Every structure is written in structure tokens, then in C-alpha cells.
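Summary of the model geometry
Here is what each chain is made of, one letter per residue.
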Amino acid sequence: MEAKRPCLQVLKYLTADYLAALLSWVLFFVFRKKLVLNDITNFDIITSGEPTLIIGIIVIPIFWILLYYIAGHYDNIYHKSRLKELGNTAFISILGVVIIFFVLILDDNIITYRNYYQSFFYLLGCQFGITYTFRLFLTNAVVRKIRNRQIGFRTLIIGSGDQAYKLYHDLSNKPKSAGEYFVGYITINGSRSAELASSLPNMGNIDNLISVINDEKIEEVIIAIESHERSKIQEIVVKVKSTNVQIRAVPDILDIISGNVKMSSIFGVPLIEMSHDTMPAWQINVKRLIDIVVSLMAIILLIPTYIVLAICVKFSSKGPIFYCQERLGRYAKPFKIIKFRTMYVDAEKDGPALSSDNDPRITPLGRFMRKVRFDELPQFVNVLKGDMSLVGPRPEREFYIEQIVQRAPHYYSVFKVRPGITSWGQVKYGYAENVDEMVDRLKYDIIYLENMSLYLDIKILIYTVKIVFEGSGK
């Protein structure tokens, strides 16, 4: 089976979109000049070196690619529907052309107002027609390879009974594949179908579901449990949604699955397709753009502050300036969080421990920095790297997560998003001093996840700035 190369595939779409936008603008420029100045030939227009044409060739394709990125066109690059792509391309083409006309065209010289309508529909036709033609060629090539089983998605079946085996048998024997490349199955209560056991390897049980998904690089999960195993469905869904996988389920459990679902028929095998997006694609991408822009600006503007704090930390007590600690981030992937050191060296030599108001491990300077959140400032680097976001649930250590999930299994929900420098829980509750307070603070993070929006992020950032200036943080 051919290995998938998502970065290369994204590059193909980026190149196609860039060339389509460039060609569309050149054709539109020629059309506009000929419409107003009928005595100019096409060759003269293109070779005249006019600033409008040159600037357009550089800026306009970048504008279109940014618009496509915000719309989520470059997400899930191997899971494209040609029909949906047709509608999305048409919608973005109309939106982009309207923006271009309001910004660049409305003050142009015209003979009659009829020229505006002609120009609008000409640019729209060129942009949509050329762009979708290129995209259709690329998408058709991928679909053909998927159906011929040249490429596939590493798929895990959750379930081990007759339902699971029937699903595996039906999908494996279809003339045209939908992309499943089965790597194994997970048991629910230990029992398993003899037919399934002889066809696929057992990868474990639901207790180690997340580690199996991460270790085996699973891309799709299909839930196929028996009717007597339905009591486990909530635990399964919560865990699977905390990972970066496509989720489907057999339709007989439709009535007990919560969340946004839609029916999907895969070449005669009906499955429920479960969505676990916390926000619309365009908001997710705008949020990431804001993270990058704000973090870059913050790092540049805060350089004097970083230098002063670094000197203060260095002279406040022996030890390094920065403190790096492993936390679990999006999809439960570990990363190193960066902070200014606020504790004495070897503060956790006796094992992990949470800080308290009168914690003797915290330096006097560290106590002040925690109160105004200055210790968190280096995390703008984590945001740029993609480990974190400006706003999101605070990341915790695996040591404490294991304790939290014993009492609040829904904690897995926080893994759906990037952890944040600040959070609704941090604003409303502050630092937690023990696992009980961590569980109490979790309710604010769940409320945030259920109501995620750019508006809520801005509100949390405003409250965070207020806490910094007031020095009222816990």
C-alpha cells in the first residue's frame, strides 16, 4: 500500500490554487483593459509592466490562499468529497470576488455601470472555473487510489463480537474500498468473536484505548459494539474524541450517542459519522492565525520584560532561568511547557506536588510572578510551536491526570483542543492546590469547550489582562 504524504498533498493543492488565482487575475486584467481601452492588444497589456498587474500577481494569489486556509480547505486533505468541494469552492469564490471588488475595483474607471457586472461575473467565472478544475483533478486522483486500495487509513475497530466481525467482513469484501486499512480491534469485556480473532490482531481493551490510538498511529476508529455493551459507549466516545481520529459507528447505537452526527453510507455499509469539532473550521483556523500573530508581537514587544525578569530570576535564587516540564497537550500528546522558574531548585525531589498559598518551595519573586502571571510569559514560544494556544484549558501533568480521570472521566474532553496560556478555569478559579480543586476547576474548562468561540476567547483574554494589572490572580 502506498504511503500517504499529507504535506506533499497540501503542497499540490497550494500550488494549484496559487496558479489558478494567478491565471484568473491575468485573464481578468486583460479583460478589464480591453473593456475600457479597446485599442490595446493582449500582448501589450501583459508586457507593459503595469504596477496594478504586477502587484495583483503577487498579492491576489496570497489573498486567495489565505481565504482557502481560513475556510479549512487544507484540512483533512485525504478526506475530500468532490460534491462538497464544489459547493465550498463556489461559496469562497463568490466571497473572495466580492471582497476584491469592494477593495480594488469599485473606484476603477468604467464606461458604464454595466462594466461592473461584466467584470464581476468574468472574474468569478475564471476564479471558480480554473480553481475547481485543478482541484477536481487532484481530488479524483486521490479518490481513485483510495477505491483501488492503493492508499488507506489505519483503522481500529472498537468491539470484538459478531457485530465487529460482520462490519470487518462487509467492508473488506467491497469491490471498491472507502479507505479502511484495518490494523486490529479493541475488546470491551474480554470476549471476542472467533472469526474476528482469526482475521485481525487484538490491540488491547478500552482501558488502553488512547495509548493504542497514539502508538499505532490510528487514523480512523469504527465503533461496533454489541447491544449488551452499550453501557460503555459514553466512556468510549469521550476517550476517542480526545484524539485526532475520524470516528464512525454502526447505526444501531444512534439513539445513545450524543453530539453532532450524520449518516454516511460507505459503499452499501451505513455508518454514523461523528463530528468532534469544537468550533467551525474557519473559526479554528482564525484562532490559530490570531495565536501566531499575537505571540510574535508579544515576544517582540516583551523582549525588555524578558530580559529584566531573566536577570531577576537568576539573582533571586540558584538555578536556571527557565523551567521546562512535561505536560499532556492536544490529543494527549506530551510536550515541554516553558515557564520562568518560580521555585527553588529540587522543589519536587520528593515527588510531584501542587503549590499552595504559603508554599515554602516558591521564591519571593516567584510568588509575585505567579500572582501577576509573569511566569507564563515564555509560553508564547509554546504557542508559536503549535503546542499551545493563547486560550484553552490549562495543561496538566500525566501524574495528576491519572488521578483526575478516576473521579472525572470527562476530563478526556480537554484533549480535543490545544491547551492555553490562560483559560476560563484559570480566570474564574486560579491555580489548583490539590486534585479536589483540579476537579472543581474542570467544570469551567468543560463550559468553555461546550461554548468555544472567538468571542469567548477575546473575553477570557480581557479578563486575564485585568487580572495581570490588578495582581489579583490566585
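Residues numbered from 1 in each chain as written. Predicted model: local features only at pLDDT ≥ 70, side-chain atom pairs only at ≥ 80, totals over all residues. Heavy atoms only, no water.

Moving on, we come to the overall build of the protein chain. Each helix and strand in the protein chain was counted, giving 17 helices and eleven strands. Counting every position in the protein chain, which comprises 474 residues, the buried fraction comes to 47%. Considering only contacts within the protein chain whose residues lie at least 6 apart along the sequence, 73% involve residues at least 24 apart. On the protein chain, roughly 23900 Å² of surface is accessible, and the fraction owed to carbon and sulfur atoms is 61%. (Helix = DSSP H or I, 4+ residues; strand = E, 2+ residues; numbered from the N terminus. Buried < 20%, exposed > 50% of the residue type's maximum accessible area, 1.4 Å probe, protein only. Contact = heavy atoms within 4.5 Å. Areas by Shrake-Rupley, 256 points an atom, 1.4 Å probe, with all protein chains shown as cover.)

The next subject is the side chain of His-73. Following the sequence through the fold, His-73 ends up in the loop between α3 (51-70) and α4 (82-105). When neighbours within four sequence positions are excluded, His-73 is seen to be in contact with Tyr-13, Asp-17, Tyr-68, Lys-80, Glu-85 and Arg-135.

This next bit is on the packing of helix α14 (residues 398-407) against helix α16 (residues 435-450). Running from amino to carboxyl end, α14 crosses α16 at an angle of 65 degrees, the nearest separation of the two axes being 10 Å. Crossing geometry of α14 relative to α16 is assigned as right-handed. Between α14 and α16, the residues in contact are Tyr-400, Gln-403, Ile-404 and Arg-407 and Val-435, Asp-436, Met-438 and Val-439, respectively. Of the residues belonging to the contact of α14 with α16, the class tally is five nonpolar, one polar and two charged. (Axes fitted to C-alpha atoms, helices over the stretch in contact; angles between N-to-C directions. Left-handed = near helix turned anticlockwise from the far one by under 90°. Nonpolar A, V, L, I, M, F, W, Y, C, P; charged D, E, K, R; others polar.)

What follows covers helix α9 (residues 233-241). Of all nine residues in α9, seven are buried, a share of seventy percent or more. If you check which residues of α9 are buried, you get Ile-233, Ile-236, Val-237, Val-238, Lys-239, Val-240 and Lys-241.

Moving on, we get to the nonpolar core. One finds Phe-340, Phe-380, Tyr-411, Phe-415, Tyr-448, Leu-449 and Ile-460 to be the most contacted residues of the largest nonpolar core, which totals 47 residues. Of all elements in the fold, only α11 (303-316), β9 (334-340), α13 (379-385), β10 (389-391), α14, α15 (424-428), α16 and α17 (454-470) reach the threshold of two or more residues within this core. (Core = buried A, V, L, I, M, F, W, Y, C linked by side-chain atoms within 4.5 Å.)

This part is about unusual backbone geometry. Positioned with a positive phi, Asn-76 is a non-glycine residue whose angle comes to about 45 degrees. Here Asn-76 lies in the loop between α3 and α4. At Lys-217, a position not held by glycine, the phi torsion is positive, near 55 degrees. Topologically, Lys-217 is positioned in the loop between α8 (209-215) and β4 (220-223). Judged by relative accessible area, which is 61%, Lys-217 ranks as exposed.

The side chains of a regular strand alternate, residue by residue, between the two faces of the sheet. Where burial is concerned, most of strand β2 (residues 180-187) is hidden: seven out of the eight residues are buried. Assessed by its sense of winding, the connection that carries the chain from strand β1 (residues 153-158) through helix α6 (residues 162-172) to β2 is right-handed. One ladder, built from three bridges, connects β2 with strand β3 (residues 202-205); its direction is parallel. Within β3, the residue paired with Thr-187 across the bridge is Asn-205. Traced from β2 through helix α7 (residues 194-199) to β3, the parallel crossover comes out right-handed. (Right-handed = clockwise from strand over helix to strand, strands pointing away. Pairing = 2+ DSSP bridges.)

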